[in-house]
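A structural walkthrough
One-letter residues, chain by chain:
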Amino acid sequence: MSGHQGMDVARSEGPDLILLDLRLPDMDGLEICRILKAEPDVERIPIIFLTADQDPATEEKGITLGAVDFVTKPFSTAVLRARVRTHIDLRRKTEALERLAATDALTGVPNRRSFETVIAREWRRMMREKMPLSVAMVDIDHFKALNDTFGHPFGDHVLRVVAATIDAHLRRPSDYVARYGGEEFVLVLPSTDAAGAASVAEGARRAIEALQFDGMPVDKPLQVTASLGCGTVVPSVEGGVEALVGEADQNLYRAKNNGRNRVEP
Ligand code: GH3
Ligand code: MG
Ligand code: MG
Ligand code: MG
(Lines give C-alpha, C1' and ligand atoms only; values in the text may rest on other atoms or scores of the structure.)
(Ligands and ions follow the chains in the order given, each with its own letter.)
Protein backbone atom coordinates (compact mmCIF):
# COMPACT_ATOMS: atom_id res chain seq x y z
CA MET A 1 0.00 0.00 0.00
CA SER A 2 1.26 3.47 -0.81
CA GLY A 3 1.33 6.30 1.74
CA HIS A 4 -1.59 8.07 0.08
CA GLN A 5 -3.65 4.88 -0.07
CA GLY A 6 -2.87 4.24 3.59
CA MET A 7 -4.00 7.71 4.64
CA ASP A 8 -7.23 7.31 2.65
CA VAL A 9 -7.93 3.99 4.40
CA ALA A 10 -7.22 5.62 7.78
CA ARG A 11 -9.70 8.40 6.97
CA SER A 12 -12.45 6.17 5.59
CA GLU A 13 -12.14 3.13 7.89
CA GLY A 14 -11.00 4.77 11.15
CA PRO A 15 -8.91 1.76 12.25
CA ASP A 16 -8.16 1.06 15.94
CA LEU A 17 -4.44 1.48 15.31
CA ILE A 18 -2.02 2.13 12.45
CA LEU A 19 1.20 0.19 11.83
CA LEU A 20 3.27 2.54 9.72
CA ASP A 21 6.46 1.79 7.82
CA LEU A 22 9.06 4.55 7.74
CA ARG A 23 9.69 4.10 4.04
CA LEU A 24 6.77 3.89 1.63
CA PRO A 25 6.87 3.87 -2.17
CA ASP A 26 5.52 7.40 -2.50
CA MET A 27 6.33 9.13 0.75
CA ASP A 28 8.11 9.24 4.09
CA GLY A 29 6.35 7.59 7.06
CA LEU A 30 7.24 10.53 9.32
CA GLU A 31 5.48 12.86 6.90
CA ILE A 32 2.36 10.65 6.96
CA CYS A 33 2.40 10.71 10.76
CA ARG A 34 2.68 14.51 10.75
CA ILE A 35 -0.26 14.86 8.33
CA LEU A 36 -2.55 12.42 10.19
CA LYS A 37 -1.82 14.00 13.59
CA ALA A 38 -3.00 17.36 12.20
CA GLU A 39 -6.40 15.99 11.10
CA PRO A 40 -9.06 16.06 13.86
CA ASP A 41 -10.88 12.98 12.50
CA VAL A 42 -7.86 10.68 12.58
CA GLU A 43 -5.42 12.28 15.02
CA ARG A 44 -6.57 9.97 17.83
CA ILE A 45 -5.67 6.76 15.99
CA PRO A 46 -2.49 5.44 17.64
CA ILE A 47 0.44 5.01 15.25
CA ILE A 48 3.21 2.45 15.77
CA PHE A 49 6.22 2.82 13.50
CA LEU A 50 7.54 -0.40 12.03
CA THR A 51 10.99 -0.06 10.51
CA ALA A 52 14.36 -1.53 9.68
CA ASP A 53 15.87 1.80 10.63
CA GLN A 54 17.68 1.66 14.00
CA ASP A 55 18.50 5.36 14.11
CA PRO A 56 17.60 6.86 17.54
CA ALA A 57 17.18 10.34 16.01
CA THR A 58 14.50 9.01 13.64
CA GLU A 59 12.82 7.19 16.51
CA GLU A 60 12.82 10.37 18.57
CA LYS A 61 11.31 12.30 15.63
CA GLY A 62 8.54 9.70 15.24
CA ILE A 63 7.60 9.79 18.91
CA THR A 64 7.74 13.60 18.94
CA LEU A 65 5.35 13.67 15.97
CA GLY A 66 2.86 11.73 18.06
CA ALA A 67 3.53 8.05 17.36
CA VAL A 68 2.96 5.89 20.43
CA ASP A 69 5.66 3.32 19.75
CA PHE A 70 8.56 2.40 17.49
CA VAL A 71 9.29 -1.22 16.61
CA THR A 72 12.41 -2.18 14.68
CA LYS A 73 12.79 -5.12 12.30
CA PRO A 74 13.32 -7.95 12.83
CA PHE A 75 10.69 -8.11 15.54
CA SER A 76 8.78 -10.82 17.36
CA THR A 77 5.18 -11.05 16.17
CA ALA A 78 4.05 -11.91 19.69
CA VAL A 79 5.71 -8.80 21.15
CA LEU A 80 4.26 -6.60 18.41
CA ARG A 81 0.81 -8.06 19.02
CA ALA A 82 1.15 -7.36 22.76
CA ARG A 83 2.15 -3.75 22.09
CA VAL A 84 -0.76 -3.30 19.68
CA ARG A 85 -3.17 -4.66 22.31
CA THR A 86 -1.75 -2.32 24.96
CA HIS A 87 -2.16 0.76 22.81
CA ILE A 88 -5.68 -0.12 21.66
CA ASP A 89 -6.62 -0.70 25.30
CA LEU A 90 -5.06 2.60 26.35
CA ARG A 91 -6.95 4.45 23.62
CA ARG A 92 -10.28 2.91 24.73
CA LYS A 93 -9.62 3.94 28.32
CA THR A 94 -8.64 7.47 27.31
CA GLU A 95 -11.78 7.85 25.23
CA ALA A 96 -13.95 6.49 28.05
CA LEU A 97 -12.40 9.04 30.44
CA GLU A 98 -12.92 11.85 27.94
CA ARG A 99 -16.58 10.90 27.56
CA LEU A 100 -16.94 10.80 31.34
CA ALA A 101 -15.27 14.20 31.74
CA ALA A 102 -17.73 15.74 29.26
CA THR A 103 -20.91 14.14 30.65
CA ASP A 104 -23.17 15.29 33.48
CA ALA A 105 -23.33 12.38 35.92
CA LEU A 106 -26.95 12.95 36.96
CA THR A 107 -28.69 13.49 33.62
CA GLY A 108 -26.30 11.87 31.13
CA VAL A 109 -26.32 14.91 28.83
CA PRO A 110 -23.11 16.91 28.21
CA ASN A 111 -21.92 19.05 31.13
CA ARG A 112 -20.87 22.68 31.48
CA ARG A 113 -17.27 21.88 30.58
CA SER A 114 -18.42 20.26 27.34
CA PHE A 115 -20.67 23.27 26.64
CA GLU A 116 -17.68 25.64 26.86
CA THR A 117 -15.78 23.51 24.33
CA VAL A 118 -18.73 23.15 21.96
CA ILE A 119 -19.80 26.81 21.99
CA ALA A 120 -16.22 27.95 21.32
CA ARG A 121 -15.93 25.51 18.40
CA GLU A 122 -19.33 26.47 16.94
CA TRP A 123 -18.49 30.16 17.36
CA ARG A 124 -15.41 29.71 15.17
CA ARG A 125 -17.27 27.55 12.67
CA MET A 126 -20.20 30.00 12.31
CA MET A 127 -17.72 32.89 11.98
CA ARG A 128 -16.07 31.07 9.05
CA GLU A 129 -19.43 30.25 7.48
CA LYS A 130 -20.94 33.71 8.25
CA MET A 131 -24.01 32.00 9.69
CA PRO A 132 -26.10 32.81 12.77
CA LEU A 133 -25.41 30.96 16.01
CA SER A 134 -28.22 30.71 18.57
CA VAL A 135 -28.35 29.61 22.18
CA ALA A 136 -31.33 29.10 24.47
CA MET A 137 -31.15 29.00 28.25
CA VAL A 138 -33.71 26.75 29.93
CA ASP A 139 -34.54 27.12 33.63
CA ILE A 140 -37.12 24.90 35.32
CA ASP A 141 -39.84 26.89 37.05
CA HIS A 142 -40.23 26.77 40.84
CA PHE A 143 -37.90 23.83 41.09
CA LYS A 144 -37.08 24.56 44.70
CA ALA A 145 -40.75 24.11 45.60
CA LEU A 146 -40.82 20.81 43.67
CA ASN A 147 -37.83 19.56 45.68
CA ASP A 148 -39.43 20.74 48.90
CA THR A 149 -42.73 19.04 48.10
CA PHE A 150 -41.60 15.75 46.58
CA GLY A 151 -38.07 15.37 47.89
CA HIS A 152 -34.64 15.76 46.35
CA PRO A 153 -34.49 12.26 44.77
CA PHE A 154 -37.71 12.97 42.88
CA GLY A 155 -36.25 16.35 41.86
CA ASP A 156 -33.28 14.45 40.46
CA HIS A 157 -35.66 12.19 38.53
CA VAL A 158 -37.40 15.23 37.05
CA LEU A 159 -34.03 16.66 35.99
CA ARG A 160 -33.21 13.41 34.15
CA VAL A 161 -36.58 13.33 32.41
CA VAL A 162 -36.39 17.01 31.41
CA ALA A 163 -32.85 16.54 30.04
CA ALA A 164 -33.94 13.52 27.99
CA THR A 165 -37.03 15.39 26.77
CA ILE A 166 -35.03 18.37 25.51
CA ASP A 167 -32.46 16.03 23.96
CA ALA A 168 -35.15 14.02 22.15
CA HIS A 169 -36.67 17.25 20.85
CA LEU A 170 -33.51 18.33 18.98
CA ARG A 171 -33.62 17.61 15.25
CA ARG A 172 -30.38 18.60 13.53
CA PRO A 173 -27.19 16.65 14.19
CA SER A 174 -25.43 19.89 15.16
CA ASP A 175 -28.12 20.89 17.71
CA TYR A 176 -26.82 20.33 21.21
CA VAL A 177 -28.00 20.46 24.83
CA ALA A 178 -25.92 20.58 28.00
CA ARG A 179 -26.71 20.87 31.69
CA TYR A 180 -25.53 24.37 32.46
CA GLY A 181 -25.97 24.13 36.22
CA GLY A 182 -28.49 23.03 38.88
CA GLU A 183 -31.86 23.08 37.10
CA GLU A 184 -30.64 24.97 34.05
CA PHE A 185 -29.91 23.65 30.60
CA VAL A 186 -28.45 25.36 27.55
CA LEU A 187 -29.16 24.68 23.89
CA VAL A 188 -26.60 25.41 21.17
CA LEU A 189 -28.21 25.81 17.74
CA PRO A 190 -25.69 26.41 14.93
CA SER A 191 -26.85 27.83 11.57
CA THR A 192 -30.08 28.87 13.29
CA ASP A 193 -31.49 32.41 13.23
CA ALA A 194 -33.59 34.05 15.97
CA ALA A 195 -36.89 32.78 14.54
CA GLY A 196 -35.55 29.23 14.29
CA ALA A 197 -34.22 29.35 17.84
CA ALA A 198 -37.56 30.64 19.16
CA SER A 199 -39.33 27.77 17.42
CA VAL A 200 -36.97 25.10 18.82
CA ALA A 201 -37.29 26.68 22.27
CA GLU A 202 -41.08 26.78 22.05
CA GLY A 203 -41.14 23.09 21.03
CA ALA A 204 -38.95 22.18 24.02
CA ARG A 205 -41.16 24.24 26.34
CA ARG A 206 -44.27 22.41 25.13
CA ALA A 207 -42.61 19.00 25.41
CA ILE A 208 -41.66 19.74 29.05
CA GLU A 209 -45.14 21.08 29.82
CA ALA A 210 -46.70 17.89 28.39
CA LEU A 211 -44.67 15.55 30.62
CA GLN A 212 -46.64 13.31 32.93
CA PHE A 213 -45.18 11.87 36.09
CA ASP A 214 -46.27 8.60 37.68
CA GLY A 215 -47.70 8.31 41.15
CA MET A 216 -49.36 11.72 41.23
CA PRO A 217 -52.90 12.25 42.57
CA VAL A 218 -55.33 12.10 39.61
CA ASP A 219 -57.02 15.33 40.64
CA LYS A 220 -53.71 17.12 41.17
CA PRO A 221 -51.10 15.86 38.68
CA LEU A 222 -47.65 17.43 38.82
CA GLN A 223 -46.95 19.84 36.01
CA VAL A 224 -43.33 20.71 35.38
CA THR A 225 -42.70 23.82 33.32
CA ALA A 226 -39.65 25.77 32.25
CA SER A 227 -38.83 29.29 31.11
CA LEU A 228 -36.55 29.88 28.15
CA GLY A 229 -34.53 32.83 26.86
CA CYS A 230 -32.87 32.90 23.44
CA GLY A 231 -29.89 34.71 22.00
CA THR A 232 -28.65 34.91 18.41
CA VAL A 233 -25.58 36.39 16.76
CA VAL A 234 -23.55 36.06 13.57
CA PRO A 235 -20.18 35.50 15.26
CA SER A 236 -17.41 37.97 14.53
CA VAL A 237 -13.99 38.73 15.93
CA GLU A 238 -15.39 41.71 17.87
CA GLY A 239 -18.14 39.79 19.65
CA GLY A 240 -17.82 36.98 22.13
CA VAL A 241 -19.60 33.98 23.55
CA GLU A 242 -20.22 35.78 26.86
CA ALA A 243 -22.40 38.44 25.21
CA LEU A 244 -24.43 35.77 23.42
CA VAL A 245 -25.03 33.79 26.63
CA GLY A 246 -25.72 37.10 28.41
CA GLU A 247 -28.44 37.95 25.91
CA ALA A 248 -30.10 34.56 26.42
CA ASP A 249 -29.81 35.01 30.19
CA GLN A 250 -31.50 38.43 30.09
CA ASN A 251 -34.31 37.01 27.98
CA LEU A 252 -34.68 34.11 30.42
CA TYR A 253 -34.98 36.66 33.21
CA ARG A 254 -37.74 38.38 31.23
CA ALA A 255 -39.50 35.04 30.71
CA LYS A 256 -39.51 34.54 34.49
CA ASN A 257 -40.82 38.06 35.12
CA ASN A 258 -43.47 37.73 32.43
CA GLY A 259 -45.09 34.78 34.16
CA ARG A 260 -42.85 31.71 33.54
CA ASN A 261 -43.59 28.71 31.27
CA ARG A 262 -42.77 30.85 28.26
CA VAL A 263 -40.10 31.62 25.68
CA GLU A 264 -38.63 35.08 25.27
CA PRO A 265 -36.90 35.25 21.89
P1 GH3 B 1 -37.54 29.94 39.36
O2 GH3 B 1 -38.87 29.63 38.77
O3 GH3 B 1 -37.36 31.38 39.64
O4 GH3 B 1 -36.44 29.41 38.52
O5 GH3 B 1 -37.51 29.22 40.77
P6 GH3 B 1 -36.60 28.01 41.22
O7 GH3 B 1 -37.11 27.50 42.50
O8 GH3 B 1 -36.49 27.01 40.11
O9 GH3 B 1 -35.20 28.72 41.29
P10 GH3 B 1 -34.03 28.64 42.32
O11 GH3 B 1 -32.82 29.03 41.51
O12 GH3 B 1 -34.35 29.45 43.51
O13 GH3 B 1 -33.92 27.14 42.76
C14 GH3 B 1 -33.30 26.17 42.01
C15 GH3 B 1 -33.38 24.91 42.80
O16 GH3 B 1 -32.82 23.82 42.09
C17 GH3 B 1 -32.62 25.00 44.11
C18 GH3 B 1 -31.81 23.75 44.19
O19 GH3 B 1 -31.98 23.09 45.38
C20 GH3 B 1 -32.37 22.91 43.05
N21 GH3 B 1 -31.34 22.06 42.45
C22 GH3 B 1 -30.18 22.44 41.88
N23 GH3 B 1 -29.47 21.36 41.46
C24 GH3 B 1 -30.21 20.26 41.79
C25 GH3 B 1 -30.01 18.84 41.64
O26 GH3 B 1 -29.02 18.37 41.10
N27 GH3 B 1 -30.99 18.02 42.10
C28 GH3 B 1 -32.11 18.50 42.70
N29 GH3 B 1 -33.04 17.64 43.12
N30 GH3 B 1 -32.32 19.83 42.88
C31 GH3 B 1 -31.39 20.69 42.44
MG1 MG C 1 -32.07 28.44 38.18
MG1 MG D 1 -33.79 30.71 39.72
MG1 MG E 1 -35.61 27.56 38.27
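The preceding data block contains the structure.
Residues numbered from 1 in each chain as written. Chains lettered and ligands numbered in written order. Predicted model: local features only at pLDDT ≥ 70, side-chain atom pairs only at ≥ 80, totals over all residues.

**A short note on the site of ligand 1**
Rule in force here: Nearness here has a simple definition: the residue's C-beta atom, placed using the backbone, must lie within 6 Å of the molecule or strand. As a working rule, the residues Ala, Val, Leu, Ile, Met, Phe, Trp, Tyr, Cys and Pro are called nonpolar, Asp, Glu, Lys and Arg charged, and the rest polar, with Gly in that last group.
As a matter of local geometry, ligand 1 sits amid 16 residues, with D141, F143, K144, G155 and G182 nearest to it. Of the residues belonging to the shell around ligand 1, the class tally is 4 nonpolar, 5 polar and 7 charged.

**As for the environment of V263**
Going by this rule: Counting from the N terminus, the helices are the DSSP runs of H or I reaching at least four residues and the strands are the DSSP runs of E reaching at least two. Put plainly, a residue is buried at 20 or more neighbouring C-beta atoms within 10 Å of its own, exposed at 12 or fewer, and partly exposed in between, counting only other residues' C-beta atoms, which are placed from the backbone. Any pair of residues counts as being in contact when their C-beta atoms, constructed from backbone geometry, are within 7 Å of one another.
If you trace the backbone, V263 turns up in strand β8 (residues 263–264). Note on V263: 24 C-beta atoms within 10 Å, which makes it buried. Taking the C-alpha atoms as reference, V263 lies 4.7 Å from L228; in sequence the two are 35 residues apart. Excluding residues that lie within four positions of it along the chain, V263 makes contacts with A198, A201, E202, R205, L228, C230 and A255.

**Thoughts on the pairing of strand β6 (residues 184–190)**
Which entries qualify depends on this criterion: Two strands pair if DSSP finds at least two bridges between them.
Of all 7 residues in β6, 6 are buried, a share of seventy percent or more. Across 7 bridges, the pairing between strand β4 (residues 133–140) and β6 is antiparallel. When the sheet's bridge partners are listed, V138 is paired in β6 with F185. Bridging between strand β5 (residues 176–181) and β6 involves 5 bridges; their strand directions are antiparallel. Within β6, the position partnered with R179 by the bridge is F185. Linking β5 back to β6 in an antiparallel pair, the connection comprises 2 residues.

**Observations regarding the sheet that holds strand β2 (residues 47–51)**
How we decide: For helices, the axis comes from a line fit to the C-alpha atoms of the stretch in contact; other axes are also lines fit to C-alpha atoms, and the angle between any two N-to-C directions lies between 0 and 180 degrees.
Within the open sheet, the 3 strands sit side by side as β1-β2-β3. Their pairing is parallel. Across the chains shown, the open sheet's two edge strands, defined by having one partner strand only, are β1 (18–21) and β3 (69–72). Shown here is a sheet whose adjacent strand axes are inclined to one another by a mean of 25°, direction ignored. As defined by bridge partners, β2 adjoins β3 across 4 bridges and the pair is classed as parallel. Bridge pairing in β3 links L50 to V71.

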